[in-house]
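The chain contents come next:
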Amino acid sequence: LSEATMIEIKNLNKIYLKGKKNMVHALNNINLKIDDRETVAIIGESGAGKSTLLHIMSCIDNFDGEYYLDNIDINKLSESKKSKLRSSKIGIVLQDFALIDDFTVFENVMTPLYFNKKIKDKKGSVMRALKKTGIASLKAKKVSQLSGGQKQRVAISRALVTSPEYIFADEPTGSLDSKTSDEIIKMLFELNSNGITIVIVTHNLEIANQCHHIIEIKDGNIIKDICS
């Protein structure tokens, strides 16, 4: 691995229901490299394998093949080591926000810190993340009372709270209006300018064209891999 390459994937395959009649080959022999501090868009039609690839990169799904994150061979890690890696290096943002409605904004952003022994000033970390996303004033509000855009800011705050090196975002603007989408994407690019590598699954070509690197997937295969 070169110094600048932070993600390297070799001959990666993902098969669901292996050996069954209804077996699905979701990803076929994926090979790719992502450099440190890039913004990357993964594009393609629904069912192409985009989210599957993002989940593997986020260390939340298993696979066949090789995946190195910061020179760490992910396939050799135990589940507990993977969860430690997630809680120290990775922030994940999902389209449906995956927040706990009955919790306050503050409590939702705090959740990843329960597993993180390194961060001592947990309250301070939460407040810093909320300030970065511009929602510190909403800290005591229940998530159920928020708009879609506010919920996505909470989800980004939660992804940021562990000071990750990578943010993996799955359709982060999929359920938002265009003005709010623009705000959320602008925020992700600002985080990138502060040194975080950002990988976004998106259907939106306008968003993709703003990224350094576009990967297009069709039927589980990479059909385009373009760096600007």
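Computed from a predicted structure; not experimentally measured.

Undergrad: Explain unusual backbone geometry to me, please; I cannot follow it from the model alone.
TA: Backbone phi values are negative for most residues with the exception of glycine, while trans is the configuration of most peptide bonds. In the Ramachandran plot, Arg 37 falls in the positive-phi region, its phi being about 65 degrees despite a non-glycine side chain. Tracing the sequence through the fold places Arg 37 in the loop between strand S2 (24-35) and strand S3 (39-43). Located in the positive-phi region is Ser 163, a residue other than glycine, with phi close to 55 degrees. Along the chain, Ser 163 falls in the loop between helix H5 (148-160) and strand S7 (166-170). Take Ser 163: its relative accessible area is 57%, and that puts it in the exposed class.

Undergrad: Even after reading the chapter, I still don't get the packing of H5 against helix H6 (residues 178-193), so can you show me in this structure?
TA: The description of two packed helices rests on the angle between their axes and on the distance between the axes. Relative orientation of the contacting elements H5 and H6 amounts to 15 degrees, with a least axis distance of 10 Å. By the angle between their directions, the pair H5 and H6 is classed as roughly parallel. Crossing geometry of H5 relative to H6 is assigned as right-handed. Counted together, Gly 149, Gln 152, Arg 153, Ile 156 and Leu 160 of H5 and Thr 180, Glu 183, Ile 184, Met 187, Leu 188 and Leu 191 of H6 form the full contact between these two elements.

Undergrad: Honestly, H6 in this entry has me stumped. Any pointers?
TA: Each α-helix turn comprises 3.6 residues. Residues three or four places apart therefore point the same way. Its 16 residues give H6 an end-to-end C-alpha distance of 22 Å, which sits within 8% of 22 Å, the value for a rise of 1.5 Å per residue. Buried residues of H6: Thr 180, Ser 181, Ile 184, Ile 185, Met 187, Leu 188, Phe 189, Leu 191 and Asn 192, and no others. Residues of H6 that are buried in the fold lie against S3, H5, S7, strand S8 (197-201) and helix H7 (205-208). Structurally, the start of H6 carries an N-cap: the backbone nitrogen of Lys 179 is 3.1 Å from a side-chain oxygen of Asp 177. Directly after H6, the chain includes Gly 195, whose backbone phi takes a positive value near 105 degrees.

Undergrad: Please explain the pairing of strand S9 (residues 213-218) as it appears in this structure.
TA: Consecutive side chains of a regular strand alternate in pointing toward one face of the sheet and then the other. The buried count for S9 comes to 5 of 6 residues, which makes it a mostly enclosed element. By the bridge criterion, 4 bridges tie S3 to S9 in an arrangement that is parallel. Bridge pairing in S9 links Val 40 to His 213. Here 6 bridges tie S9 to strand S10 (residues 221-227), and the two strands are oriented antiparallel to one another.

The rules we used
Residues numbered from 1 in each chain as written. Predicted model: local features only at pLDDT ≥ 70, side-chain atom pairs only at ≥ 80, totals over all residues. Heavy atoms only, no water. Helix = DSSP H or I, 4+ residues; strand = E, 2+ residues; numbered from the N terminus. Buried < 20%, exposed > 50% of the residue type's maximum accessible area, 1.4 Å probe, protein only. Axes fitted to C-alpha atoms, helices over the stretch in contact; angles between N-to-C directions. Parallel < 35°, antiparallel > 145°, perpendicular 65-115°, else oblique. Left-handed = near helix turned anticlockwise from the far one by under 90°. Contact = heavy atoms within 4.5 Å. Expected span 1.5 Å × (residues − 1). Polar contact = N/O pair within 3.5 Å; in protein donor to acceptor, adjacent residues only side chain to side chain. Pairing = 2+ DSSP bridges.

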